[in-house]
Amino acid sequence: MDKYLINGGKVLSGEIEISGSKNASLPLLFASILSDEKITINNVPDLKDIQTCCSLLEVLGVSVIREGSTIHLCGKELNSYEAPYELVSTMRASVLVMGPLLARIGKAKVSLPGGCSLGARPINLHLDFFRTLGAKVNLIHGYVEIECGNMNGTDYHFDQKTVTGTMNALFLAVLTPGTTIMHNCALEPEVVELCLLLKSMGANIRGEGSETIIVQGVSILHGTEYRVIPDRIECGTIMIAAAITYGKIRLKSCNPKHMTALMRKLITAGVDIEYDHEGRTISIDAKNKYNGTSISTQPYPGFPTDLQAQYMALMSLANGTTIITENIFENRFMHVSELKRMGANLIIQGNTVVVTGVEYLSGAKVMATDIRAGAGLILAALRAKGETEISRIYHVERGYEHIEKKLSSLGASIRRVIE
Ligand code: EPZ
């Protein structure tokens, strides 16, 4: 299995471009199912999850042509409504085909995703929404089979905020007759981007970015061209890389507005940050040791769960004690035991981790368990004394575009070893 070998202790400095967002790209690509006209998506990152998404679209009959960071799609020849186990089990976000398939051809058969290293991750709210609009849902042989009955827009309240649940609901509502009013929607920028793409295809949506989204169904959607927003999680990970190595980094092609929760915490911890909304840059200067600053993960605009592991690596070297509370996923502390192997002082108490800052971490053999846990280990390794060997890096490569090249360009000693 391929690995990263990292020699810690280098101060990172320089400039870096932030890639397009993985979690914004996926729903935009799946939107191609909704129309028989051409869709072009620009600024798509080169990642394993994007390849899985394109393979799934091809299985369904969507034509996919990739030219660098641009993907051209056409759903004219859509000829299947089944998302097979093999693809859904490698990428849970495959469930995002459900809404578009139901909207376009009235049925979907999708392998039910099991739990993952983050927890049980049910999709009951997605299914509940489909049922409320009039669909019939059955679970047979590990597959969810959904068929549209007499569909009509209605009022729906999500019991809990869900990012992909809100997206699946939008996909179905845009082509369902009548008005659908959705309450307690997710506010994440990736949801807003999906609304803007759908509107550019002819959908009638109001309220994106607020908790109540109102959709007036239309009968047909058209082709469009759309650019993916910068990846706020890659951006946050690089910001933390600057802080943990006492480095000085200028991040370009990013959106400072999406980074407010992390910026507030880093500034409180003692890191110097400047940002320019118009120029789309963030500059981090981290000369000094920083102070423990507690966080609690929340849906957007709160502190993102997808930066919790990276932030924990940072706080494991801070002055004093930090409390890290995970509120989104029940099992997102798999990185704790790996960071402890590197010398971090971490105690798990329910959904919180008490972090007592240590003077140094030491390189060790560790294992990535999911995309962001792997990123947290990379950050710890950048500051650790000696060499860290990180295995199972296929997790990291699902979500970070050429991370070893990007970090090397900033002065990190990181090598990708093929075994
Ligand atoms: C999205 O996952 C992201 N994935 C995740 O990114 C991210 O961690 C998560 O949102 C939270 O921000 C994509 O965008 C592809 P949720 P999603 O539904 O939509 C519970 C990464 O590393 N819930 O908002 O699956 C759920 O169990 C990843 O890039 C239900 O109970 O997350 C969780 O506790 C991993 N029933 C909470 O809601 C449901 O039907 C929020 O999950 C749906 C969700």
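Residues numbered from 1 in each chain as written. Predicted model: local features only at pLDDT ≥ 70, side-chain atom pairs only at ≥ 80, totals over all residues. Heavy atoms only, no water.

### Let's talk about empty space enclosed by the protein
For clarity, the cut-off: In this analysis the probe radius is 1.4 Å and the grid spacing 1 Å, with only protein atoms considered; a cavity is a set of points the probe fits into but cannot get out of, a pocket is an open set with protein on both sides within 12 Å along at least five of seven lines, and lining residues have an atom within 4 Å of a point. Grid points are joined across faces, edges and corners, and a volume is the space filled by probe spheres set on the points. Note on conventions: DSSP H or I runs of at least 4 residues are helices, E runs of at least 2 residues are strands, and numbering of each starts at the N terminus. Three classes are used: nonpolar for Ala, Val, Leu, Ile, Met, Phe, Trp, Tyr, Cys and Pro, charged for Asp, Glu, Lys and Arg, and polar for all others, with Gly counted as polar.
Counted according to the given criterion, the structure contains two cavities of 30 Å³ or more. Here the largest cavity defines a volume of roughly 80 Å³. Those elements that provide at least two residues to the lining of the largest cavity are α8 (232-244) and α9 (260-269). The greatest single-element share of the lining of the largest cavity, amounting to three residues, is contributed by α9. Taken as a whole, the second largest cavity spans an internal volume of roughly 40 Å³. Lining the second largest cavity we find Ser19, Gly20, Pro45, Leu47, Asp231, Glu234, Gly399, Tyr400 and Glu401. Here the lining of the second largest cavity is built from residues that sort into three nonpolar, three polar and three charged.

### Section: the domain arrangement of the chain
Defined as follows: Residue ranges for the domains originate in an automatic or database domain assignment. Should any heavy atoms of two residues lie within 4.5 Å, those residues are considered in contact. A quick way to say it: buried area is the sum, across both parts, of accessible area lost when two parts are put together, with a 1.4 Å probe. Throughout this description, the term salt bridge denotes a Lys or Arg side-chain nitrogen within 4 Å of a carboxyl oxygen of Asp or Glu. Pairs of N or O atoms within 3.5 Å make up the polar contacts considered here, provided that, within protein, one atom can donate a hydrogen while the other can accept it, and that residues adjacent in sequence are counted only when both atoms are side-chain atoms.
On domain assignment, one finds that the chain holds domain 1 (3-18 + 230-417) and domain 2 (22-227). Centre-to-centre, using C-alpha coordinates, domain 1 lies 31 Å away from domain 2. Listed by partner, the interface residues are 22 residues for domain 1 and 19 residues for domain 2. Counting each side, the surface lost to burial between domain 1 and domain 2 is near 1700 Å², with a carbon and sulfur contribution of 51%. It is Tyr300, Arg398 and Glu401 that lose the most area in domain 1 upon contact with domain 2, and together they represent 33% of the buried surface on that side. Seen at the junction of domain 1 and domain 2, the total is two salt bridges. Salt-bridge contacts for Asp49 lead to Arg398; the nearest nitrogen and oxygen are separated by 2.8 Å. On inspection of domain 1 and its partner domain 2, the count reaches five residue pairs in polar contact (both at pLDDT 80 or more).

### As for the sheet that holds strand β16 (residues 272-276)
Our working rule: Strands are labelled as partners when DSSP assigns at least two bridges between them. For helices, the fitted axis covers only the stretch in contact; all axes are lines through C-alpha atoms, and the angles between them, taken along N-to-C directions, range from 0 to 180 degrees.
If you trace the four strands from one edge of the open sheet to the other, you get β2-β15-β17-β16, paired in mixed fashion. On the outer flanks of this sheet lie β2 (13-17) and β16, each paired with one strand and no other. The mean inter-strand angle of the sheet, taken between neighbouring strand axes irrespective of direction, is 10 degrees. Across four bridges, strand β15 (residues 248-252) lies against strand β17 (residues 281-285) in antiparallel orientation. Paired with Arg250 across the strands is Ser283, a residue of β17.

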